Structure formats: structure tokens, C-alpha cells
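Understanding the architecture of this molecule
If you want the building blocks of each chain, they are given just below.
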Amino acid sequence: MSTGSLTVDIDALAANWRALDALSGSETAAVVKADGYGLGAAKVARALAKAGARTFFVAAAQEGATVRQALGPDPQVCVFNGHMRGDTDMIGDLMLTPMLNTIGQVTRHFESLPGHPFGIQLDTGMNRLGMEIGEWAAIAEVAIGAGPMLVMSHLACADDPDHPMNAQQLAQFHLMTDGIAVPRSLAATGGILLGPDYHFDITRPGIGLYGGAPFAEARAVAHLDLPVVQIRNVEAGETVGYSNSWTAQRDSRIATLAAGYADGILRALSGNVTLWHGDQPCPLVGRVSMDLLTVDVTDLGETPHTLSLLSATQTVDDLAALAGTIGYEILTSLGPRYQRRYAEI
Ligand SMILES: *Cc1c(COP(=O)(O)O)cnc(C)c1O
């Protein structure tokens, strides 16, 4: 095989959804935006529907089209960015449910698709998407009269359970929605872990489904194995890779692997990550190139065909910590060149 192999553990994905569903105590949706967090929206959505998810969220209407085609007519496919100019036909034809974010979107939706399902997104302090309390007050009666399927908001700091912003946003959400007879949603993965006060009628986990923090009990979903292109002997004192950033301290064997920063192996990992041959560590040496990695395999007793970068023992969060980012960015950076396999491992 000439490119890396990205194996998506469908069994683990379904198990993560069921575990979060058990914690939710209300309906549990599934967030499959950004191509299912980089793992393939159509396949991921089908697996989650099979596990029991009935409501799916994407960021943009275009992504909703993919999910609708994968799932057929029954599941609800909701769009966080709401009803944007130019999306009317897609929202109408594919029965997408936009989460309306502004009075302008409400007007556009009611005028262009009267009677078509919608939800409302409220801003409770994150200042990113949704109507603030004043706008909401101006339009709430009309909007509620039209029967939204959902009123939702999003937490800014839910990955930090001790952050005072959580309680503040919860109070604001109550203030803006108490007493209305519409299903409510506040919690993503982090919010589910904050406990039942945050769950309301429907939760919206994303990252936890895909094996990422803050869902510590998550099973790893992404497994990445990279093929060895060639192996060479390097003498002590020779250098490897761009800018001569690594110098062999001893006579070494260096494997060149077919993956690089164009495949989402962030350049910040240069000289700073370990690949694995079973339980044997093989340090990355030198810079991450666009298409290649160089790895010290001197201590391996054998010549490997592939080395592992992501597994149950080295997770997306481990890589994120090494690269100074978050698991979300590691996952959504995984490029299009990998051979993707969907397996129950
Ligand atoms: C991305 C997103 C989610 C899912 O968040 P996770 O932290 O991945 O669980 C839920 N709701 C909104 C509005 C989002 O943008």
C-alpha cells in the first residue's frame, strides 16, 4: 500500500455514542460536521444511526446534503449555521432543519420556506452564533408560534467543569427559555459530563463520539498506520531531513514513511513524537515534510512494513498535547490521501 491507512473503528464509535447516551438521560443526537470530524461523514452517520441516533447536526447546509443522502429521509439533519443566503433550495429539497441565528435568518426562513422545520439558536455568552436576549425578546412569540423543533445554545468552557462560565450560561439559558413548550438543548460532549442540569431534552456530542477529550472514557476510533517507503543506514554524525535538524548520535537505521504535514501530521510534531511497531517505540527524527516522515528504527529487531501513529495507546489527544493543539484539530486535519477503512476492530 502506498499511502497511510486510516482505520475508523465503527464499533468504538457506536460504543462511545451509547456511553454518552447512557449519561445523557435524554435524547442524544450526533454532531457530524466537518466530514464527521475528518473521519467520513456518510459512513460515520450511518454507523451512528444504526447505534440509535435520530438527530444529526452539521455546520453548513452543504454538509447536510451528504448526511441526508447517507441516511435517507427519516433522521433529522440540523444545520448550526442556520438558513444562509443561497441555501434555501438545499434546505427545502433535502429537508434540512436550520438553527436560525438572527432575526434576518428567521425572516428569510419564514418567507422562503413557510411551514418548513427549523430550530432557534440563542447566544448565552459565547458571542459566536445565535440571538442575544434582546433580539430573542423581539421575536420569541412569533418564532415559538411557528413551532420550532428545538431551542439551543452552546457552552464556551464546558471542557473545564470548574469554570464559572458554565453556571453563568446555564442561568442565562434558563432565563431565555424557561416556560416555553419547545425542546431545549445546551450540552455538547463537555456539557454532558457537567451533569443532568445541563442535559435538557437533547444533547449534541461530537468529539466524545470520535474518541476525544473531555470524554476520558472514550474508546479510540481513529487508527493510523503509515507505510515504510525505504530504510537506510546513517552513520554517526550524519544529518536527516530539512535544515539538518537531526544529527545521528550513533550509527542508525532510518525509515522513511509515506505521510507528512499534507496528511495532517502537524509540522509542530517535528522531532517530538513517537511511532510504534507493536509496543516498541520508534522516535520521529528531523522535520515533518509535506509527504514524508523520517523515523529512527535502529532499535527494532526487524524491518517494519508500517508504523503506527494513532492507536488506542497513542490517541488524538496524545498527539494534540505534543503538537500544542486539541484532538479536534488533529482529527479534522487528517488529509484526503489516506486509504480509509471502516472496521470493527
Ligand atoms: C461542534 C459543536 C458541538 C459538538 O461539540 P463537541 O465538543 O465536539 O462535543 C455541539 N454544538 C455546537 C453548536 C457545536 O458547534
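Residues numbered from 1 in each chain as written. Predicted model: local features only at pLDDT ≥ 70, side-chain atom pairs only at ≥ 80, totals over all residues. Heavy atoms only, no water.

1. Details of the site of the ligand
Taken together, 14 residues lie near the ligand, and Lys-33, Tyr-37, Thr-189, Ile-207 and Tyr-328 sit nearest. Here the ligand has 390 Å² of accessible area as a free molecule, and 92% of this is covered by the chains. Considering only residue class, the shell around the ligand consists of 8 nonpolar, 3 polar and 3 charged. (Near = heavy atom within 4 Å. Areas by Shrake-Rupley, 256 points an atom, 1.4 Å probe, with all protein chains shown as cover. Nonpolar A, V, L, I, M, F, W, Y, C, P; charged D, E, K, R; others polar.)

2. Looking at helix H7 (residues 133-145)
The end-to-end C-alpha distance of H7, which contains 13 residues, comes to 18 Å, matching closely the 18 Å that a straight helix rising 1.5 Å per residue would cover. When the local axis directions of H7 are compared, the greatest deviation, roughly 60 degrees, occurs at Ile-139. The set of residues buried in H7 consists of Trp-136, Ile-139, Ala-140 and Ala-143. Residues of H7 that are buried make contact with helix H6 (103-112), strand S7 (119-121) and helix H8 (164-177). A positive phi of about 75 degrees marks Gly-147, the residue just after H7. (Helix = DSSP H or I, 4+ residues; strand = E, 2+ residues; numbered from the N terminus. Expected span 1.5 Å × (residues − 1). Bend = angle between axes of the 7 residues up to and from the residue. Buried < 20%, exposed > 50% of the residue type's maximum accessible area, 1.4 Å probe, protein only. Contact = heavy atoms within 4.5 Å.)

3. Section: the domain arrangement of the chain
Split into domains, the chain comes out as domain 1 (10-210) and domain 2 (222-343). On a C-alpha basis, the centroid separation for the pair domain 1 and domain 2 is 37 Å. Listed by partner, the interface residues are 10 residues for domain 1 and 9 residues for domain 2. Taken as a group, Tyr-37, Leu-39 and Ile-207 account for 50% of the area that domain 1 buries against domain 2, more than any other trio of residues on that side. In this assembly, domain 1 and domain 2 are joined by 0 salt bridges. On inspection of domain 1 and its partner domain 2, the count reaches 3 residue pairs in polar contact (both at pLDDT 80 or more). Elements that contribute at least two residues to the side of domain 1 that touches domain 2 include exactly helix H1 (10-24) and helix H2 (33-37). Across the side of domain 1 that touches domain 2, the residue classes break down as 6 nonpolar, 2 polar and 2 charged. (Domains from an automatic or database assignment. Buried area = accessible area lost by both parts, 1.4 Å probe. Salt bridge = Lys/Arg side-chain N within 4 Å of Asp/Glu carboxyl O. Polar contact = N/O pair within 3.5 Å; in protein donor to acceptor, adjacent residues only side chain to side chain.)

4. What about unusual backbone geometry?
With an omega of 10 degrees, the peptide bond between Ala-213 and Pro-214 qualifies as cis. Positionally, Pro-214 belongs in the loop between strand S10 (202-203) and strand S11 (222-234). Non-glycine residue Asp-35 carries a positive phi angle of around 55 degrees. Residue placement: Asp-35 occurs in helix H2. Unusually for a residue other than glycine, Tyr-37 sits at a positive phi of about 50 degrees. Position of Tyr-37 relative to the elements: it lies in helix H2.

5. Describing the packing of aromatic side chains
A full pass over the atoms with the stated rule returns 5 aromatic pairs. Ring centres of Phe-57 and Phe-80 lie 5.0 Å apart, and the angle between their planes is 10 degrees; this geometry places the pair in the stacked category. Residue Phe-57 is located in strand S4 (residues 55-58), and its partner Phe-80 is located in the loop between strand S5 (76-79) and helix H5 (88-93); the two are separated by 23 residues in the primary sequence. For Phe-80, a relative accessible area of 11% corresponds to the buried category. Counting every residue linked through ring pairs, the aromatic cluster contains Tyr-37, Tyr-210 and Tyr-328. (Phe/Tyr/Trp six-rings, centres within 6.5 Å; stacked < 30°, edge-to-face > 60°.)

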